[in-house]
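Summary of structural features
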Amino acid sequence: MKTLKHYSALILLLIFSSCNVSPKPIEYGSDGCHFCKMTIVDKVHATEFITKKGKVYKFDATECMVNYFDEFETSEIELYLTNYFSKPEAFTDATKATYLISKNLPSPMGAFLTAFENKSEAEKVQTEKGGKLYSWPELLAHLKA
């Protein structure tokens, strides 16, 4: 009976450790985009999402991640993350970020789409660069239009 308890504890430990839902660092210059297959090199525009089972999908730009949703069951996604303008390589919650589409701010896939950690930061850059601001739901609707 004692052995069964040990095996049960070990099995539970394996289950919980194999479903670790957490970000994985992007290896710039070697990781490929799950959508367009290009190598991820831009440290401002990269994104990733993590499934409820802990699998990480990496993208070179927000529009690639959103386009990949056509091929993926989004109800399985636990976390949406994006790099953002003021801290390249850092992640923020993509669903809470503010997005700016400005022809004066290039991005890897030509959508001129950049994420900002918060709206006030995005508004400052918008004043200088022009363009239009979007919330996550607004961005999804815009890119799917």
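Please read all numbers here as calculations on a predicted model, not as lab measurements.

Here we take up unusual backbone geometry. Negative phi is the rule for most residues except glycine; trans is the rule for most peptide bonds. Despite not being glycine, E89 has its phi angle at roughly 80°, a positive value. By the element assignment, E89 lies in strand β4 (residues 87-93). Given a relative accessible area of 44%, E89 falls into the partly exposed group. Positive phi values are uncommon outside glycine, yet F112 reaches one of about 55°. Structurally, F112 can be placed in the loop between β5 (98-101) and β6 (113-116).

In this section: the sheet that holds strand β1 (residues 47-51). Within the open sheet, the 4 strands sit side by side as β2-β1-β3-β4. Their pairing is antiparallel. Strand pairing shows two members of the sheet lacking a second neighbour, β2 (56-59) and β4, which therefore form its edges. This sheet shows a mean twist of 20° between the axes of neighbouring strands, independent of strand direction. When β1 meets strand β3 (residues 77-84), the two strands line up antiparallel, connected through 5 bridges. Each residue of the ladder has a partner; that of F49, found in β3, is Y80.

Another point: the side chain of T82. Here T82 lies in strand β3. With relative accessibility at 1%, the residue T82 sits in the buried group. Excluding its chain neighbours within four sequence positions, the residues that come into contact with T82 are A46, T47, T62, A90, F91, T92, A94, A97, Y99 and A115.

In terms of nonpolar packing, the biggest core is built from 24 residues, with F49, F59, M65, F69, Y80, Y99 and W136 touching the most fellow members. Of the residues forming this core, the biggest block, 4 residues, is contributed by helix α2 (residues 62-68). In contact with F49, other than residues within four places in its own chain, are K55, V56, Y57, F59, M65, Y68, F69, F72, I77, L79 and Y80. Counting residues in each nonpolar core, the second largest holds 6 residues, with L100, L105, A122 and V125 among its members.

What follows deals with the pattern of salt bridges. Scanning the model with the defined rule gives 5 salt bridges in all. Between D70 and K144 there is a salt bridge whose closest N-O contact spans 2.8 Å. Remark: K144 occurs in helix α4 (residues 136-144) and D70 occurs in the loop between α2 and β3; sequence separation between them is 74 residues. You can call D70 exposed: its relative accessible area is 62%.

Alternating residues of β6 divide into L113 and A115 and T114 and F116, and every residue in both groups is buried. Bridge count between β5 and β6: 4 bridges; the pairing is antiparallel. Within β6, the position partnered with T98 by the bridge is F116.

Bridging between β3 and β4 involves 4 bridges; their strand directions are antiparallel. The residue of β4 that forms the bridge with N83 is F91. Two successive antiparallel strands, β3 and β4, enclose a turn made up of 2 residues.

Thresholds, definitions, all that
- Residues numbered from 1 in each chain as written.
- Predicted model: local features only at pLDDT ≥ 70, side-chain atom pairs only at ≥ 80, totals over all residues.
- Heavy atoms only, no water.
- Helix = DSSP H or I, 4+ residues; strand = E, 2+ residues; numbered from the N terminus.
- Buried < 20%, exposed > 50% of the residue type's maximum accessible area, 1.4 Å probe, protein only.
- Pairing = 2+ DSSP bridges.
- Axes fitted to C-alpha atoms, helices over the stretch in contact; angles between N-to-C directions.
- Contact = heavy atoms within 4.5 Å.
- Core = buried A, V, L, I, M, F, W, Y, C linked by side-chain atoms within 4.5 Å.
- Salt bridge = Lys/Arg side-chain N within 4 Å of Asp/Glu carboxyl O.

Structural measurements only, silent on function.
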